[in-house]
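# Descriptive analysis of the structure
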Amino acid sequence: MYTNELLEEKYKAQSRLLKQAKIENKDYFEFINDEVQKLFNKKGWKIKARK
């Protein structure tokens, strides 16, 4: 498999997020969605639905 520093960091970050989701007893995608919602609310950004 092809890899580089950027991909390695991406895999590490995903692994940490998966572990945190398990700690919070959430599905990975539910956890990510919640974190994105928190970030957008904190920054005052709006999420636009895709058509």
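Refer to the structure above for everything that follows.
Attention here is on the structure that accompanies the text. This one's a predicted model, so the numbers in the text were calculated from it and none came from an experiment. (Residues numbered from 1 in each chain as written. Predicted model: local features only at pLDDT ≥ 70, side-chain atom pairs only at ≥ 80, totals over all residues. Heavy atoms only, no water.)

A count of helical and extended segments in the protein chain gives two helices and zero strands. Here the C-alpha atoms of the protein chain give a radius of gyration of 14 Å, more than 25% beyond the 10 Å that 2.2 N^0.38 yields for 51 residues. Projected onto its principal axes, the C-alpha coordinates of the protein chain cover approximately 35 × 25 × 25 Å. Buried residues in the protein chain amount to 4% of all 51 residues. Approximately 5,100 Å² of the protein chain is accessible, and the part contributed by carbon and sulfur atoms is 56%. Charged side chains in the protein chain number 13 positive and 8 negative. The centres of these two groups are separated by 7 Å. (Helix = DSSP H or I, 4+ residues; strand = E, 2+ residues; numbered from the N terminus. Rg over C-alpha atoms; globule rule 2.2 N^0.38 Å. Buried < 20%, exposed > 50% of the residue type's maximum accessible area, 1.4 Å probe, protein only. Areas by Shrake-Rupley, 256 points an atom, 1.4 Å probe, with all protein chains shown as cover. Lys, Arg positive; Asp, Glu negative; His and termini not counted. Charge placed at Lys NZ, Arg CZ, Asp CG, Glu CD.)

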